[in-house]
Amino acid sequence: MERKIRIAQYGCGKMSVYLMRYVLEKGAELVAAFDVNPAVIGRDIGDIMRTGTVGIKVSDAAEADTALCELKPDVCIIATRSTMIDVKEAFTVCAKNGVNAISTCEESLYPWNSSYEITKELDTLARANNCTLCGSGYPDMFWGSLITTLAGSIHTLKKIKGSSSYNVEDYGIALAEGHGAGLSIDEFEKQIGKYNDLSCEETARLIADGVIEPSYMWNQNGWLCSQLGLHIVSQTQKCIPITHKDDLKSDTLGMTIKAGNATGMSAVVTTQTREGITLETRCLGYVYGPEDMDRNEWTLEGEPDTTLVVNRPATVELTCATLTNRIPMLIDAPPGYITTEKMPLNHYLVKPLHEYVKSK
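Model, not experiment: these values are computed from the prediction. (Residues numbered from 1 in each chain as written. Predicted model: local features only at pLDDT ≥ 70, side-chain atom pairs only at ≥ 80, totals over all residues. Heavy atoms only, no water.)

Caption draft 1: Structural context of the nonpolar core. Of all hydrophobic cores here, the largest spans 83 residues; its most connected members are Ile 5, Ile 7, Val 75, Ile 77, Trp 143 and Ile 327. Element by element, the count of residues in this core is highest for helix H11 (residues 315–332), at seven residues. Leave out the neighbours within four places in its chain, and Ile 5 touches Ala 28, Glu 29, Asp 74, Val 75, Ile 327, Ile 331, Leu 353, His 354 and Val 357. By size, the runner-up hydrophobic cluster in this structure holds 27 residues, among which are Tyr 10, Ile 78, Leu 122 and Leu 133. (Core = buried A, V, L, I, M, F, W, Y, C linked by side-chain atoms within 4.5 Å. Buried < 20%, exposed > 50% of the residue type's maximum accessible area, 1.4 Å probe, protein only. Helix = DSSP H or I, 4+ residues; strand = E, 2+ residues; numbered from the N terminus. Contact = heavy atoms within 4.5 Å.)

Below is the structure:
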């Protein structure tokens, strides 16, 4: 592509501070920004990024349809919430106007095994309007490409064990509440833990019906199996509360979580495959105490056993950088809802984003 990539930002909260700055620093042009928060609407995006005035003010998300139709940006970055039902409207507005869209929504990385009907609908709309939709972010690399690349060094693979922790304070109130942060143990068991003993078929049905929210690893295991060519026989999910011995203040929830109450949860997904390879993955999302830190640990069991540990990853920044580096691949991908395991491996971009675009 001989010109700068033109980008719209949908959602101007914590993540957008990095997303908008990163795309600008990678040589793209921001042409619009949208949000639903009255406190944000009308502000210059430079004020949000704390970089000085840019000249683009945040518009009400209700105006996104009209603005995208008129501006025709190359890409829209969606950074709002964490489930497909929550980002469906934003994806729909983009696809309707033929605008490629990429989201930080964790479920959007591989929603085919949790929100099939929504994903199929979006896929059909995107194909009809010759644009591409996908999800990316920290899981795309640190739970995905990094692991499947490492598997390329294994002679015999029997089991993949993964664990990743993150502070729900960094990702907004919707994510924190979805992890049960602030609930008593009794409330947690009644609202979230009551589904722990369901069969694979029951769990899948209730996830498809929207009764159970899939953990991030539910989608991640689907992504990993698709990338590795594995065929899933069964998949189950258990959500276990995480507690802290002391009271913890949560700025995101606007409350103090009492000692012994849930600060979040550990969601464990176990996947059995026809090839005999088991995936046991867990994500630990909770309000951190002073001694806690982000940690990403994966072990591949087989010949040889191999373990990868990443301590204190800058999860927010890595999410935004991973997504930014995906943008040229998004534009080059075929139309439809194309998950990132079907794209080339993500890599560092030395040149401006537009110089990596080969098509469209």
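Still more to cover.
Caption draft 2: Region of the structure containing the pattern of salt bridges. Taken as a whole and assessed by the stated rule, the structure comprises 18 salt bridges. Among the ionic pairs, Arg 43 bridges to Asp 47, the shortest N-O distance being 2.8 Å. On the accessibility criterion, Arg 43 (30% relative accessible area) is partly exposed. Residue Asp 47 is classed as partly exposed on the basis of its relative accessible area of 40%. Glu 280 is paired through a salt bridge with Lys 159; the nearest N and O atoms lie 3.5 Å apart. (Salt bridge = Lys/Arg side-chain N within 4 Å of Asp/Glu carboxyl O.)

Caption draft 3: Local environment of the sheet that holds strand E13 (residues 295–303). Read from one edge to the other, the open sheet built from six strands follows the order E8-E11-E12-E7-E13-E14, with strand pairing classed as mixed. Every other strand in the sheet has two partners, leaving strand E8 (232–243) and strand E14 (306–311) as the edge strands with one partner each. Going from strand to strand, the sheet's axes swing by 10° on average, the running direction of each strand aside. One ladder, built from nine bridges, connects strand E7 (residues 156–167) with E13; its direction is antiparallel. Considered in E13, the bridge of Leu 157 is made with Gly 302. Its contacts with the sheet place helix H10 (residues 216–228) against E7, E8, strand E11 (262–273), strand E12 (278–286) and E13, and it is angled at close to 145° to E12. (Pairing = 2+ DSSP bridges. Axes fitted to C-alpha atoms, helices over the stretch in contact; angles between N-to-C directions.)

Caption draft 4: Geometry of helix H5 (residues 116–128). End to end, H5 covers 18 Å across 13 residues, agreeing with the expected 18 Å (1.5 Å per residue, within 8%). Turning to H5, its buried residues are Ile 118, Thr 119, Leu 122, Asp 123 and Ala 126. Looking straight down H5, one finds its buried side chains confined to an arc of 135°; they lie on one side. Every exposed residue of H5 that faces more than 90 degrees away from the buried side is listed here: Glu 117 and Ala 128. Buried residues in H5 make contact with helix H4 (84–96), strand E6 (132–135) and strand E15 (336–337). Backbone geometry just after H5 places Asn 130 at a positive phi near 55°. (Expected span 1.5 Å × (residues − 1). Arc of directions from axis to C-beta.)

Caption draft 5: A look at the sheet that holds E6. Across the sheet, which stays open at both edges, the seven strands sit in the order E3-E2-E1-E4-E5-E6-E15 with parallel pairing between neighbours. Across the chains shown, the open sheet's two edge strands, defined by having one partner strand only, are strand E3 (58–60) and E15. As judged from the three bridges shared by strand E2 (residues 29–35) and E3, these two strands associate in the parallel manner. Bridge assignment links Phe 34 to a residue of E3, and that residue is Ser 59. In the packing of helix H1 (residues 14–25) onto the sheet, the strands contacted are strand E1 (6–10), E2 and strand E4 (75–78), and the crossing angle to E1 comes to about 180°.

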